[in-house]
2 protein chains.
Amino acid sequence: MKSHRYCVIMCGGVGSRFWPYSREERPKQFIDFLGTGRTLLQMSYDRILHVVPKENIIVVTNSRYESLIRAQLPDILPSNILLEPARRNTAPCIAWAAYHIHALDPEASMIVAPSDHLITDERGFEGCVVRGFEFVESNDALLTIGISPTRPETGYGYIQVGDTVAHDINKVKTFTEKPSLDLAKVFLETGEFLWNAGIFLWKASTIINAFHLYVSDVANLFDKGADSFGTPRESAFIEENFAACPANSIDYAVMEKASNVYVECARFGWSDLGTWTSLYDNSPLTPDTANMSHGCELVALDSTRNIIAAPEGKLVVVQGLNDYIVADAGDVLLICPKSEEQRIRQVVNEVKTRYDGKYL
Amino acid sequence: MKSHRYCVIMCGGVGSRFWPYSREERPKQFIDFLGTGRTLLQMSYDRILHVVPKENIIVVTNSRYESLIRAQLPDILPSNILLEPARRNTAPCIAWAAYHIHALDPEASMIVAPSDHLITDERGFEGCVVRGFEFVESNDALLTIGISPTRPETGYGYIQVGDTVAHDINKVKTFTEKPSLDLAKVFLETGEFLWNAGIFLWKASTIINAFHLYVSDVANLFDKGADSFGTPRESAFIEENFAACPANSIDYAVMEKASNVYVECARFGWSDLGTWTSLYDNSPLTPDTANMSHGCELVALDSTRNIIAAPEGKLVVVQGLNDYIVADAGDVLLICPKSEEQRIRQVVNEVKTRYDGKYL
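Attention in this report is confined to the structure presented alongside it. (Residues numbered from 1 in each chain as written. Chains lettered and ligands numbered in written order. Predicted model: local features only at pLDDT ≥ 70, side-chain atom pairs only at ≥ 80, totals over all residues. Heavy atoms only, no water.)

## Some details on the overall build of chain A
To keep things clear, this is the line we draw: Secondary structure elements are taken from DSSP: a helix is a run of H or I of four residues or more, a strand is a run of E of two residues or more, and numbering for both begins at the N terminus. For the radius of gyration, the atoms used are the C-alpha atoms, and the globule rule reads 2.2 Å times the number of residues raised to 0.38. For every residue, the accessible area obtained with a 1.4 Å probe (protein chains only) is divided by the maximum for its type, and the residue is called buried under 20%, exposed over 50%, and partly exposed between those limits. Note on contacts: a residue pair qualifies if any of its non-hydrogen atoms lie within 4.5 Å across the two residues. With residues, only the protein chains shown are counted as cover, and all accessible areas are computed by Shrake-Rupley using a 1.4 Å probe. Just so you know, the count uses Lys and Arg for positive and Asp and Glu for negative, and it drops His and the chain ends. Just so you know, the charge point we use is NZ for Lys, CZ for Arg, CG for Asp and CD for Glu.
Summing up its helical and strand segments, chain A has 11 helices and 17 strands in all. In summary, chain A has a C-alpha radius of gyration of 21 Å against a globular reference of 21 Å for 360 residues, a match within 12%. Each principal axis of the C-alpha atoms in chain A carries an extent, and together these give about 65 × 45 × 40 Å. A total of 360 residues make up chain A; the buried ones form 57% of that total. Counted over contacts in chain A with a minimum sequence separation of 6, partners at least 24 positions apart contribute 65%. Here chain A has roughly 14500 Å² of accessible surface; of this, 49% comes from carbon and sulfur atoms. For chain A, the distance from the average site of its 33 positive side-chain charges to the average site of its 46 negative ones is 2 Å.

## Comments concerning the sheet that holds strand β17 (residues 332-337) of chain B
The following threshold applies: Should DSSP find at least two bridges between two strands, the strands are taken to pair. To get an axis, fit a line to the C-alpha atoms, keeping to the stretch in contact for a helix; angles then go from 0 to 180 degrees between the N-to-C directions.
Spatial ordering of the open sheet is given by β13(A)-β15(A)-β17(B)-β16(B)-β14(B)-β12(B), a layout of 6 strands whose pairing is mixed. Edge positions in the open sheet fall to β13 (297-301) of chain A together with β12 (292-294) of chain B, since each of these has one partner strand only. Direction aside, neighbouring strands of the sheet carry axes that sit 5 degrees apart on average. Relative to β17(B), strand β15 (residues 315-319) of chain A is paired through 4 bridges, and the arrangement is parallel.

## Structural notes on the packing of aromatic side chains
Put simply, the rule is: Aromatic rings from Phe, Tyr and Trp, taking only the six-membered ring of Trp, are treated as a pair when their centres fall within 6.5 Å; an angle between ring planes under 30 degrees marks them as stacked, one over 60 as edge-to-face, and anything in between as tilted.
If you walk through the whole model with that rule in mind, you get 34 aromatic pairs over all chains. Taking the centre distance of 4.7 Å and the plane angle of 70 degrees together, the rings of A:Phe18 and A:Trp276 count as edge-to-face. Note that A:Phe18 is positioned in the loop between β1 (5-10) and α1 (40-48) and A:Trp276 in helix α10 (residues 276-281), a separation of 258 residues in sequence. With a relative accessible area of 1%, A:Phe18 lands in the buried category. The class for A:Trp276 is buried, based on a relative accessible area of 0%. Look at B:Trp195 and B:Trp270: their rings are 6.3 Å apart centre to centre, the planes differ by 50 degrees, and that puts the pair in the tilted class.

## Looking at helix α7 (residues 216-224) of chain B
Residue and element names in this part refer to chain B. Using the following cut-off: By construction, the arc corresponds to the directions joining the helix axis to the C-beta atoms.
Looking only at α7, the buried set comprises Val218, Ala219, Leu221 and Phe222. Looking straight down α7, one finds its buried side chains confined to an arc of 160 degrees; they lie on one side. If you follow the buried residues of α7, they end up packed against α3 (90-104), α6 (204-214) and α8 (234-241).

## Digging into the interface of chain A and chain B
Selection criterion: A quick way to say it: buried area is the sum, across both parts, of accessible area lost when two parts are put together, with a 1.4 Å probe. A side-chain nitrogen of Lys or Arg and a carboxyl oxygen of Asp or Glu constitute a salt bridge if their distance falls within 4 Å. Whenever a nitrogen or oxygen atom comes within 3.5 Å of another N or O atom, the pair is scored as a polar contact, on the condition that within protein one atom can donate a hydrogen and the other can accept it, and that pairs from neighbouring residues in sequence are kept only if both atoms are in side chains. Side-chain classes follow a simple rule in which Ala, Val, Leu, Ile, Met, Phe, Trp, Tyr, Cys and Pro form the nonpolar group, Asp, Glu, Lys and Arg form the charged group, and the remainder, Gly included, forms the polar group.
At the junction of the two partners, chain A supplies 35 residues and chain B supplies 35 residues. Summed over both sides, the interface between chain A and chain B buries roughly 2900 Å², with carbon and sulfur atoms accounting for 58% of that surface. Together, A:Leu315, A:Gln319 and A:Leu333 form the three largest contributors to the area buried by chain A at its contact with chain B, with a combined 22%. One salt bridge in this structure joins A:Asp302 and B:Arg343, with 2.7 Å as the shortest N-O distance. Joining chain A to chain B, the criterion identifies 25 residue pairs in polar contact (both at pLDDT 80 or more). Only β13, β15, β16 (324-328), β17 (332-337) and α11 (344-355) of chain A provide two or more residues apiece to the side of chain A that touches chain B. Across the side of chain A that touches chain B, the residue classes break down as 21 nonpolar, 4 polar and 10 charged.

## Let's talk about the relation of the copies chain A and chain B
Formally: Copy-to-copy alignment: least squares on C-alpha atoms, limited to residues at pLDDT 70 or above in both.
At an RMSD of 0.1 Å, chain A and chain B line up after a rotation of 179 degrees and a shift of 0.0 Å along the axis. Expressed as a symmetry operation, the mapping of one chain copy onto the other fits a two-fold axis. In terms of C-alpha distance to the rotation axis, chain A has A:Gly330 as its closest residue, with the C-alpha 4.1 Å off the axis. The share of interface residues of chain A whose copies in chain B are also at the interface is 100%, consistent with both copies meeting through the same surface.

## A short note on the side chain of B:Glu234
All names here are of chain B. Relative to the helices and strands, Glu234 is located in helix α8. Despite being buried, Glu234 has no salt bridge partner; Arg233 is the closest side chain of opposite charge, sitting 9.5 Å away. A distance of 2.6 Å separates a polar side-chain atom of Glu234 from the backbone nitrogen of Gly230. Excluding its chain neighbours within four sequence positions, the residues that come into contact with Glu234 are Leu82, Trp96, His100, Ser228 and Phe229.

Dropping the structure here:
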């Protein structure tokens, strides 16, 4: 029996906060960041394979990453790789995927998931996704996955939970993107808030309706190509029209405006692995000295709480260094205090200017 | 006319304080440390070539460095490379060279010079060496080169200057190896002390006499081989007997005991390049931030007074780092505060123990 459940893995990000490991030519989703032998993209694919058949798994990415996708996911159907001709954030990406899937299967439901997050309880993830599919298949609902916060993180979006409508599923009261530390602390204390994991479930028809209601320019643009989706003409249509979509995130464009928005409280371990310190928080540390080493051999003398990443087999010796990120990516070495990792983006811009695109 | 002047370049050291750049397989004398296109050994050879004909230049080194010597000094006669079968510090090394040269030329005078020091005024060096040769050729003298101290350095040996006997040449009153900081300050203030540059001049016969007087076990051992020096049997004799010499420095073994010891005050710029900070002191720095970069591209943000060495073409980005040594030698990365560079030797021992000789 053909499954009506689809998955869209979003795989076009550049992960610049993880520079110099995450590079324009090979962003972090394509890296075996946890040293498990599988890249973050491969882990995302493996995880969803228990819930969605592989012929229904679609990857949306930037054109330049096509060969990386084919190399890392050899089982995926070539027609299931959607290549964006331009970066336009998540809203246009999701609109395209929804139109594409809806053309193939008007009854389709779909999960949209990032390719570069860490999920530590795969069984918990499966159960959550199955419950989510069941909910959106029987309700006209836009469902997002929420994570119980464990710290007053200021880098995430927060979801205020409203009335319960099903097991672990509630109406959404409010969204708050990247709160101040004081506000994040209040959110944590009240117990009413969840982190927005950036994982969404809905019927293809439901999200297409939402685009018509809240992002009509994008919906009108894709409506023009209605008869090309799922046909050999689709890529020509996209090539010609996609770049005209204004860049916007699905959160701002749809979720914060729609009234039929729900959140499912996830019970699995999750991190967006957005920064070096989030990798540190999710990695095993050396006893006593709490250093994290990635790839390399580490000798740490009078050195604690560092993040040390270097190529396999390289020896890194740190003496008298505390709370730093040391990231040696072969042709680039970055040394930066953990407390200043938000400056990595500026550093990348500085390098871009000085070296005319080299080292990015 | 055949010259009676010889040069012995000592080239067997391992330079462990410069780890991980200086390695057992390629110690610092074999590295282009100053980025001039010539290694320290090649610079030492080039320098002496103005004073001593190349057929009289002898290199004493450890057997394992023979191919490096031949590659870096292709002009040197193979018979002028003396290969020590074991490391025994400078006294046995100099004894062998003196017996070797004396067998070739009983009238020989010789300069003994390290291969890994920096001398910045080559003309000044030449004049100094020529005056030194003239002095030892007409006097039964052991002459050492002294440098006017510019700071209360505790890592050097100091020479107290006695009566003047010739232009810029004085009797030596005392030697003091590696004084305390307080003592070094007093030495600097009195103006009576010079740094011991480890460069010596004497007739071969004079130093052989001194070995008989002060290191008779070594002299007796080499006397046994008297008829083999300068013949094809020399290397077999050395192979069999050299390792029996007790390890000792020429300073402790001879210079501190002999009565015919003189010092010539040098007028040239000199550094033993013994440590990363001595390289820093002799290198051009970035304006304002006073960082030193070696080999690599450097982007330094809120970072000052660092020593940054990495392979050619590598980009090093430091953010919020001050007064550190960052030395990336390809397979090893060392990060250590400049103020703790004396711990590098301990670090090397730690690495030796943990990795069974790898990375040295």
